[in-house]
Protein chains: 4
Amino acid sequence: MKQLKAAVFGASGYSGGELLRLLDRHPSVRLTHAFANTSAGALVSSVHAGRAHGDAMEFESFDGVGSLDAEICFLALPHGEAIDLVPALLEAGKIVIDLSGDHRLTNAAEYERFYKHSAASTKIMSQSVYGLPEWNSEAIRSARLIANPGCYATSAILALAPLLANGLVEPDSIVINGMSGVSGAGRKAAIEYSFVEVNENIRAYRAGDHQHTPEMEQALTEIGGKPVQVTFIPHLIPITRGIYTTITARPSAARDGRATRFRDAFEEHYGDKPFVRFRAERIPEIRRVANTNYIDIGLRVVPDRNQVIIMSTLDNLVKGAAGQAVQNMNLACGFPETEGLL
Amino acid sequence: MKQLKAAVFGASGYSGGELLRLLDRHPSVRLTHAFANTSAGALVSSVHAGRAHGDAMEFESFDGVGSLDAEICFLALPHGEAIDLVPALLEAGKIVIDLSGDHRLTNAAEYERFYKHSAASTKIMSQSVYGLPEWNSEAIRSARLIANPGCYATSAILALAPLLANGLVEPDSIVINGMSGVSGAGRKAAIEYSFVEVNENIRAYRAGDHQHTPEMEQALTEIGGKPVQVTFIPHLIPITRGIYTTITARPSAARDGRATRFRDAFEEHYGDKPFVRFRAERIPEIRRVANTNYIDIGLRVVPDRNQVIIMSTLDNLVKGAAGQAVQNMNLACGFPETEGLL
Amino acid sequence: MKQLKAAVFGASGYSGGELLRLLDRHPSVRLTHAFANTSAGALVSSVHAGRAHGDAMEFESFDGVGSLDAEICFLALPHGEAIDLVPALLEAGKIVIDLSGDHRLTNAAEYERFYKHSAASTKIMSQSVYGLPEWNSEAIRSARLIANPGCYATSAILALAPLLANGLVEPDSIVINGMSGVSGAGRKAAIEYSFVEVNENIRAYRAGDHQHTPEMEQALTEIGGKPVQVTFIPHLIPITRGIYTTITARPSAARDGRATRFRDAFEEHYGDKPFVRFRAERIPEIRRVANTNYIDIGLRVVPDRNQVIIMSTLDNLVKGAAGQAVQNMNLACGFPETEGLL
Amino acid sequence: MKQLKAAVFGASGYSGGELLRLLDRHPSVRLTHAFANTSAGALVSSVHAGRAHGDAMEFESFDGVGSLDAEICFLALPHGEAIDLVPALLEAGKIVIDLSGDHRLTNAAEYERFYKHSAASTKIMSQSVYGLPEWNSEAIRSARLIANPGCYATSAILALAPLLANGLVEPDSIVINGMSGVSGAGRKAAIEYSFVEVNENIRAYRAGDHQHTPEMEQALTEIGGKPVQVTFIPHLIPITRGIYTTITARPSAARDGRATRFRDAFEEHYGDKPFVRFRAERIPEIRRVANTNYIDIGLRVVPDRNQVIIMSTLDNLVKGAAGQAVQNMNLACGFPETEGLL
């Protein structure tokens with residue numbers, strides 16, 4: 001069987017490494033290039049652990065689209081770098097899946113406010129499809145440029161979307177507390193992410209001001225059909241992988257608040273989605289989703305406080321990054337949605 | 001100098017061990033008994049680490065108030081057990097500091113709903129003083145029975161009290177997310193608290209239904225002078241010590257929402273409190289308070305989302321338990337408030 | 001394609017869970033039973049995380065060989081329990097892979113000394129094949145009862161065997177320090193394995209007296225052809241998975257001690273072994289082997305101290321238990337050695 | 001009471017921070033300067049957690065001995081930097097306690113081989129006293145320049161010294177495996193010490209070639225009166241604080257190997273030493289010594305393998321660095337040996 005040729009840009013980071021691992025095992029894909037300029041020449045296995053095959057593969061410098069034989073390109077680059085690279089890749093007919101935040105926000109001013117970088121052109125953004133398969137699969141199937149969602153954004157949007165789609169919660173009442181493992185910060189030399197500073201510690205950061213806030217609001221506004229505003233507070237937790245997101249919202253005053261309505265919404269929208277496991281009665285735990293492409297969602301309605309509590313959890317490097325990127329590739333390339341991901 | 005004689009009940013648990021450590025170093029106190037029925041006869045040093053003195057001290061069985069020479073008794077017992085013990089101790093003229101939840105809630109029905117145990121008698125409860133020194137020091141100074149606050153409750157009440165006291169937030173808009181280290185669950189053999197189940201994991205528990213919820217509401221209602229209802233979601237985090245609490249609330253519609261009003265409230269109420277470190281501009285971190293009696297509080301006002309975010313952190317075994325108990329003893333016994341705690 | 005039917009006994013433990021995960025993905029096997037008496041009736045997914053398929057599978061009680069349709073049985077039971085079960089399984093024509101220590105030691109007195117339990121019968125032991133594929137593959141291919149090696153034993157034997165086989169180190173000079181993650185102690189409720197006791201801690205245990213000592217000596221004596229005696233000291237380390245083993249030995253006085261001799265021995269014996277990665281120049285790290293069936297081995301010769309240092313690392317639940325069991329099954333059942341393990 | 005004025009050089013590192021914490025609480029000392037050139041002007045409390053006093057203290061740049069009013073100087077600088085600073089400090093009449101390796105090795109060639117830096121002058125080295133109070137207290141009492149021992153070295157030397165002093169083990173048979181928390185590597189931005197690389201991992205480093213090897217050999221040779229050669233292999237473990245050292249040695253052929261001889265040696269030498277807790281029957285654990293100046297030592301004799309196993313543990317930042325430095329100061333300045341350390 002002919003395999004699709006794939007290249008990973010930014011292959012020395014944690015999302016890049018996870019892409020290599022997943023693509024390595026994907027039966028319909030052949031990994032041809034692992035680009036990482038600063039590590040060029042080093043063995044992939046000197047940086048990333050546990051690769052099954054290709055122990056002898058080396059990181060390469062990218063030297064232009066001209067000679068690039070890959071048909072699909074995964075960009076796991078720092079924010080800002082994908083903007084420069086994407087036009088040439090699209091021009092050359094590549095399918096591009098961008099894991100950075102560069103092609104997610106349709107509002108250029110918001111991009112520039114949160115990412116401190118000039119936004120992608122309107123022309124490019126008009127081709128960008130938000131890669132959340134559970135809500136956008138039709139557009140993804142025909143996309144050439146897919147903006148892979150952020151890790152926190154995926155966990156919050158999937159946890160809230162059924163309730164907003166069905167008008168069950170007030171769109172201005174949403175508080176999102178996120179707790180993330182340290183791999184979410186990327187592979188970098190920094191005292192603030194050193195073991196001694198992170199271990200036995202918790203700290204909030206960018207409280208009320210994180211760049212995934214407008215991404216959540218954009219997606220939820222579109223899904224709910226009404227403007228949504230959220231307060232989002234992320235926290236750094238001393239674990240390697242995983243995001244845990246706890247959300248509160250007020251039930252919609254106009255609707256019957258029985259708990260079954262909330263459960264029904266999740267079952268209606270996610271009953272046939274292979275990577276969403278909704279179980280109202282089971283509290284999600286990171287350890288159940290680590291190293292998988294699943295998102296687990298739980299629900300608790302507290303009638304005497306007029307609140308719905310939704311908890312979701314996923315692996316930030318898999319469903320929150322590389323796994324979702326492969327899921328998007330599967331849709332865009334006509335492979336089975338779960339191929340290489342179970 | 002004559003030293004006060006002190007006994008610790010429930011001395012083999014984590015709060016009990018922390019009490020031993022603190023009392024050991026306290027210049028005005030002599031630790032005379034470490035009661036722990038199931039460990040009676042064992043060396044204290046076989047259970048608790050790093051004690052400075054008294055390597056030869058043994059746990060004892062408690063066999064009645066008659067022969068008890070201690071003048072002050074610290075109860076670090078499981079919920080429910082203190083209720084049976086307190087009347088005889090008070091009768092015998094002891095000062096009692098109860099670290100359990102048994103003497104905190106004035107509403108017996110709420111106690112019984114959340115603790116699944118018969119409440120203390122009205123007569124005993126009429127003598128019980130809520131031991132939150134920053135808001136209740138006058139009553140504590142003359143108390144014979146002090147109900148030492150819960151760990152989560154301390155972190156949430158101290159973070160919210162100045163805002164409610166000054167009418168700056170809506171009392172029905174409060175969402176509290178707590179993240180706790182595992183020592184908060186006590187020293188026990190249980191698969192759910194075993195290393196492998198907790199490590200690299202996060203999970204919510206008793207979401208919207210935790211027993212510290214009515215304690216927070218009782219204290220905040222009294223401080224704010226208006227009924228307060230909170231939604232509280234605790235989470236178990238893979239660290240040994242520390243609680244991190246992130247709170248959102250809506251600014252009061254009737255008041256000017258300038259950020260300075262919020263800061264001023266904290267500075268007004270805590271400027272002279274030795275164990276509260278409020279720094280609006282610094283995000284609290286557990287590592288700054290671990291093994292100390294400090295609570296650190298930070299603040300972020302998000303005007304375009306109409307939310308105030310308050311973050312607080314403390315060591316659940318110190319300011320959240322044994323340290324606050326010693327602080328209460330200092331007040332009740334006329335010692336300097338910070339003695340033995342710096 | 002017809003699939004082999006497999007049953008797992010002791011399926012609720014950590015090795016059992018890893019077996020379920022691996023067998024689930026194995027193309028030539030169909031998992032028909034997950035036996036776990038104390039968890040019978042519970043969903044497998046309520047205990048074990050992240051299973052790809054079979055979310056609805058339940059633990060069962062084992063009620064006798066008569067109705068057991070599985071052709072291969074994996075025993076992940078506590079030491080002692082396999083002894084009672086194996087005769088009937090063999091009688092019924094099952095292939096048995098025993099992950100416990102019950103069928104490893106040929107010397108019954110040593111078994112009884114270290115395991116405090118009556119040894120298996122001589123008749124059964126005569127059928128037992130030690131399941132270390134890198135050194136015993138021929139016997140494994142025709143075995144009906146395979147004694148799957150211990151986790152520490154696998155890491156030490158594979159690290160030493162080439163040197164003893166080639167007579168390069170003194171067989172009475174060997175010191176083995178093992179460091180293990182906590183999953184090695186099994187899934188159990190015990191204060192000594194609770195998070196708070198293990199986290200931020202290290203402790204040796206059974207120093208010089210661990211039950212894997214005679215297992216190492218038996219295998220290495222056979223491989224080296226001379227009596228081998230080792231001093232083995234295991235340590236508990238606050239990680240979930242993985243064993244790190246550091247070994248020192250004196251170069252054989254009779255042989256040339258040049259470093260190349262040592263390297264050559266590893267390359268000679270392991271050059272074609274799919275799960276052994278020997279790299280003299282790279283220090284092994286647990287993170288490279290976690291969740292894989294690889295063992296990584298490194299080597300350092302210190303001529304001016306007359307010592308060879310060998311370091312090996314593996315995942316105690318995979319190459320140290322369930323993965324090696326599947327590797328043994330692959331050999332015994334005629335599947336490719338690496339099937340389901342890459 | 002007049003207090004001794006103390007300055008800390010390299011105050012922004014982990015040992016420096018621990019010195020600040022200990023000196024802050026020391027009744028006979030007043031901390032006057034916290035020198036840290038790269039952090040000059042920053043609040044000490046912005047880097048180090050939980051300081052009791054002096055929240056407003058700032059790091060300073062050191063601008064010469066001329067204006068330095070401190071009487072005692074603690075140097076917690078990177079190796080190599082103390083060499084340049086010490087002559088002027090001694091000249092100016094300061095007592096100097098150097099926590100680096102710069103003034104420990106009497107053999108300049110060995111210093112240069114292991115530290116890759118020119119050694120201190122013979123004149124300075126002739127004044128340097130090795131600051132191991134349990135074996136060298138007399139010299140320390142009159143020293144002006146104290147070379148504070150390394151963390152691994154302290155744990156190994158104290159564990160072996162009684163046996164070598166009494167001629168109970170063969171001096172060429174010693175194997176030392178050390179396991180250290182990450183704070184031992186210092187406070188630095190480096191991928192290899194980032195949380196994600198260290199967490200859930202173990203790795204050996206500088207196996208057989210660590211710079212504490214000659215330090216151990218020098219001290220043990222002096223104590224034992226015969227040349228000692230050790231093989232030392234350090235490992236990085238995912239904990240913040242603590243060193244665990246496991247040592248094997250062969251009992252001396254010339255001496256009676258009864259276990260009591262070994263125990264007696266420890267009790268003879270350490271019975272009156274306030275910070276050494278020898279308990280043959282209790283396996284040491286890091287959690288018992290963390291945040292204290294104690295070293296715990298345990299012993300296991302394995303007669304049928306002709307080995308003695310000694311296990312020791314200490315907090316690398318306290319008994320392994322800052323605490324031992326304060327203990328040395330106490331001796332050199334005539335304070336009680338345990339002052340400020342219990």
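Note that the coordinates shown come from a computational prediction; the quantities given were computed from them, not determined experimentally.

> For helix H1 (residues 14-25) of chain A, give the residues involved together with the corresponding values.
Here H1 of chain A spans 17 Å end to end across 12 residues, near enough to the 16 Å set by a 1.5 Å rise per residue. Of all 12 residues in H1 of chain A, nine are buried, a share of seventy percent or more. Among the residues of H1 of chain A, those classed as buried are Tyr 14, Gly 16, Gly 17, Glu 18, Leu 19, Leu 20, Leu 22, Leu 23 and Asp 24 of chain A. Residues of H1 of chain A that are buried sit in contact with strand S1 (4-9), strand S2 (29-35), strand S3 (72-75) and helix H11 (318-333) of chain A together with helix H7 (195-198) of chain D.

> Quick rundown of the interface of chain C and chain B? Include the residues and the values.
Taken together, the contact pairs 18 residues of chain C with 18 residues of chain B. A buried area of about 1,600 Å², summed over both sides, lies between chain C and chain B, and 63% of it is on carbon and sulfur atoms. When the area that chain C buries against chain B is broken down by residue, the three leading residues are Ile 191, Phe 195 and Val 196 of chain C, summing to 40%. Taken together, the links from chain C to chain B amount to two salt bridges. A salt bridge links Glu 197 of chain B to Arg 187 of chain C; the shortest N-O distance between them is 3.5 Å. Seen at the junction of chain C and chain B, the total is six residue pairs in polar contact (both at pLDDT 80 or more).

> Could you give me a rundown of the relation of the copies chain C and chain B, with the residues and numbers involved?
Between chain C and chain B, which share one sequence, the superposing operator has a rotation angle of 180° and an axial displacement of 0.0 Å; the RMSD is 0.0 Å. Such a turn and shift between the copies fits a two-fold axis. A shared interface surface links the copies, since 100% of the contact residues of chain C are contact residues in chain B too.

> Would you mind going over the environment of Ala 56 of chain B in detail, with residue names and values included?
The topology assignment puts Ala 56 of chain B in the loop between strand S2 (29-35) and strand S3 (72-75). Note: C-alpha distance between Ala 56 of chain B and Ser 45 of chain B (11 residues apart in sequence) is 7.6 Å.

> Talk me through the domain arrangement of chain A; I want residue IDs and the actual numbers.
Residues and elements named next belong to chain A. Splitting chain A by domain gives domain 1 (4-149 + 320-333) and domain 2 (152-315). Tallying the contact residues gives 24 residues for domain 1 and 30 residues for domain 2. Counting each side, the surface lost to burial between domain 1 and domain 2 is near 2,200 Å², with a carbon and sulfur contribution of 56%. Its salt-bridge partner being Arg 113, residue Asp 209 comes within 3.7 Å of it at the nearest N-O pair. On the surface where domain 1 and domain 2 come into contact, there are 10 residue pairs in polar contact (both at pLDDT 80 or more). If you list the elements that add at least two residues to the side of domain 1 that touches domain 2, you get H1, helix H3 (108-115), helix H5 (133-141) and H11. A class-by-class count of the residues in the side of domain 1 that touches domain 2 yields nine nonpolar, nine polar and six charged.

Thresholds, definitions, all that
- Residues numbered from 1 in each chain as written.
- Chains lettered and ligands numbered in written order.
- Predicted model: local features only at pLDDT ≥ 70, side-chain atom pairs only at ≥ 80, totals over all residues.
- Heavy atoms only, no water.
- Helix = DSSP H or I, 4+ residues; strand = E, 2+ residues; numbered from the N terminus.
- Expected span 1.5 Å × (residues − 1).
- Buried < 20%, exposed > 50% of the residue type's maximum accessible area, 1.4 Å probe, protein only.
- Contact = heavy atoms within 4.5 Å.
- Buried area = accessible area lost by both parts, 1.4 Å probe.
- Salt bridge = Lys/Arg side-chain N within 4 Å of Asp/Glu carboxyl O.
- Polar contact = N/O pair within 3.5 Å; in protein donor to acceptor, adjacent residues only side chain to side chain.
- Least-squares fit on C-alpha atoms with pLDDT ≥ 70 in both.
- Domains from an automatic or database assignment.
- Nonpolar A, V, L, I, M, F, W, Y, C, P; charged D, E, K, R; others polar.

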